[in-house]
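# Residue-level structural notes
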Amino acid sequence: MDSGNDEALDIIITNVVATFRTRCHLNLRTIALEGINVIYKPEDGKVLMKLRKPKITASIWSSGKIICTGATSEDQAKVGARRLARCLQKLGFKVRFSAFKVVNVLAVCSMPFAIHLIDFTKNNRPIASYEPELHPAVTYRIKHLRATCQIFSTGSLTITGPNVQNVATAVEQVYPLLYECQKPLRKAEGVSRE
């Protein structure tokens, strides 16, 4: 990110999605009746369990598969998943924490400049798509990183990827392309009218 200035970009992770298995069958009705902070959804065949610290929500299926969402780091997701496993152990299930995997990371980032979306799309045509009638952002897919960037004209980016490292690499890779297509700063216009 040495395109003219040494300004560091803050990448803020807003959501980490992780999965793990308990390696045992779970009785959802028991969890719903005896567990705390749970919502039983029999029509979906799952139970939602919420933890306050770290603040995560887990979808629990009877097969033992659990999906955790809401963490703001990979470490926080793992701590939350282990706490969930411990809660299920306290309810009497023979839970063994296994196959933990971070599936998806969602992050946001703001560029210190606005972006001319049409120019950006023309310059990066095969991997950048912009359809203003459907969505106000350019979708830029980086296949080898399995990351997707949503680029808005204000300079805001929303990045999804399989892990935090890939998200950071995606921002580093897209920054020089965005720098080329920045909008010129508007000169301050006189407001006084007489």
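All of the points below concern the structure found in this document. These numbers come from a predicted model, not from an experiment. (Residues numbered from 1 in each chain as written. Predicted model: local features only at pLDDT ≥ 70, side-chain atom pairs only at ≥ 80, totals over all residues. Heavy atoms only, no water.)

### Side note on the sheet that holds strand β7 (residues 128-130)
Adjacent strands of a sheet form backbone hydrogen bonds with each other and so pair up, either parallel or antiparallel. Which entries qualify depends on this criterion: Paired strands, in this sense, are two strands between which DSSP finds at least two bridges. A run of H or I in DSSP becomes a helix once it reaches four residues, and a run of E becomes a strand once it reaches two; helices and strands are each numbered from the N terminus. Only the contacting stretch of a helix is used when fitting its axis, a line to C-alpha atoms as for every element, and angles between N-to-C directions run 0 to 180 degrees.
What the ten strands build is an open sheet, ordered β2-β3-β4-β5-β1-β6-β10-β9-β8-β7; its pairing is antiparallel. Sheet topology places β2 (38-41) and β7 at the edges, where each strand pairs with a single neighbour. Pairs of neighbouring strands in the sheet enclose a mean axial angle of 15°, with direction left out of account. Both strand β6 (residues 98-110) and strand β10 (residues 156-161) contribute to a ladder of six bridges, which runs antiparallel. Pairing of Cys 109 across the sheet is with Leu 157, part of β10.

### Quick look at the nonpolar core
Stated formally: Grouping buried Ala, Val, Leu, Ile, Met, Phe, Trp, Tyr and Cys residues that are joined through side-chain atoms within 4.5 Å yields what is termed a nonpolar core. Each residue is assigned to one of three classes by its accessible area relative to the maximum for its type, calculated with a 1.4 Å probe on protein chains only: buried under 20%, partly exposed between the two thresholds, exposed over 50%. Residue ranges for the domains originate in an automatic or database domain assignment. The criterion used for residue contact is that any of the two residues' heavy atoms lie within 4.5 Å.
Of all hydrophobic cores here, the largest spans 51 residues; its most connected members are Ile 31, Ile 60, Met 111, Phe 120, Tyr 140, Ile 151 and Leu 178. Looking at this core, the element that brings in the most residues is helix α4 (residues 164-180), giving seven residues. Each of domain 1 (18-102) and domain 2 (111-183) contributes no fewer than three residues to this core. If we ignore the near neighbours within four places in the chain, the residues touching Ile 60 are Leu 26, Leu 28, Ile 31, Gly 45, Lys 46, Val 47, Met 49, Lys 65, Ile 66 and Leu 88.

### Thoughts on the side chain of Lys 46
Our working rule: His is not counted, nor are the chain ends, whereas Lys and Arg count as positive and Asp and Glu as negative. Just to be clear on terms, a salt bridge is a Lys or Arg side-chain nitrogen sitting within 4 Å of an Asp or Glu carboxyl oxygen.
Tracing the backbone through its elements, the reader meets Lys 46 in strand β3 (residues 46-51). Among buried charged residues, Lys 46 stands out as having no salt bridge; its nearest opposite-charge side chain is Asp 44, 4.8 Å away. Discounting chain neighbours no more than four positions away, the residues touching Lys 46 are Leu 28, Ile 39, Tyr 40, Lys 41, Ser 59, Ile 60 and Trp 61.

### Description of the pairing of strand β5 (residues 65-71)
Looking at chain direction, strand β1 (residues 11-21) and β5 are connected through five bridges and run antiparallel. Bridge pairing in β5 links Arg 21 to Lys 65. Inspection of the sheet shows strand β4 (residues 56-61) paired to β5 by four bridges, in the antiparallel sense. Paired with Thr 57 across the bridge in β5 is Thr 69. Taking the residues between adjacent antiparallel strands as the criterion, β4 and β5 are bridged by three residues, where Gly 64 takes a positive phi near 105°.

### So, the pairing of β4
Relative to β4, β3 runs antiparallel, the two being bridged by six bridges. Bridging from a neighbouring strand, Met 49 pairs with Ala 58 of β4. Here β3 folds back onto β4, and the loop between the two strands holds four residues.

### Some remarks on the packing of aromatic side chains
Quick reminder of the rule: Under the pairing criterion, centres of Phe, Tyr and Trp rings, with the six-membered ring standing for Trp, must be within 6.5 Å; the plane angle then separates stacked pairs below 30 degrees from edge-to-face pairs above 60, leaving the rest tilted. Think of it as a cone above the ring: NZ of Lys or CZ of Arg counts as a charge over the ring if it is within 6 Å of the ring centre and within 35 degrees of the ring normal.
Scanning the entire structure with this criterion turns up six aromatic pairs. Where Phe 20 meets Phe 97, the ring centres are 4.9 Å apart and the plane angle is 35°; that geometry is what we call tilted. With a gap of 77 residues between them, Phe 20 in strand β1 and Phe 97 in the loop between α2 (74-90) and β6 connect regions that are remote in the sequence. We classify Phe 20 as buried; its relative accessible area is 1%. Residues Phe 97 and Phe 100 carry aromatic rings whose centres are separated by 5.9 Å and whose planes lie at 25° to one another, so their mutual orientation is stacked. Judged by relative accessible area, Phe 97 falls into the partly exposed class, the value being 23%. Of the aromatic side chains, those joined through ring pairs into one cluster are Phe 20, Phe 97 and Phe 100. Above the face of the Phe 97 ring, Arg 82 is positioned so that its terminal group lies 4.8 Å from the ring centre.

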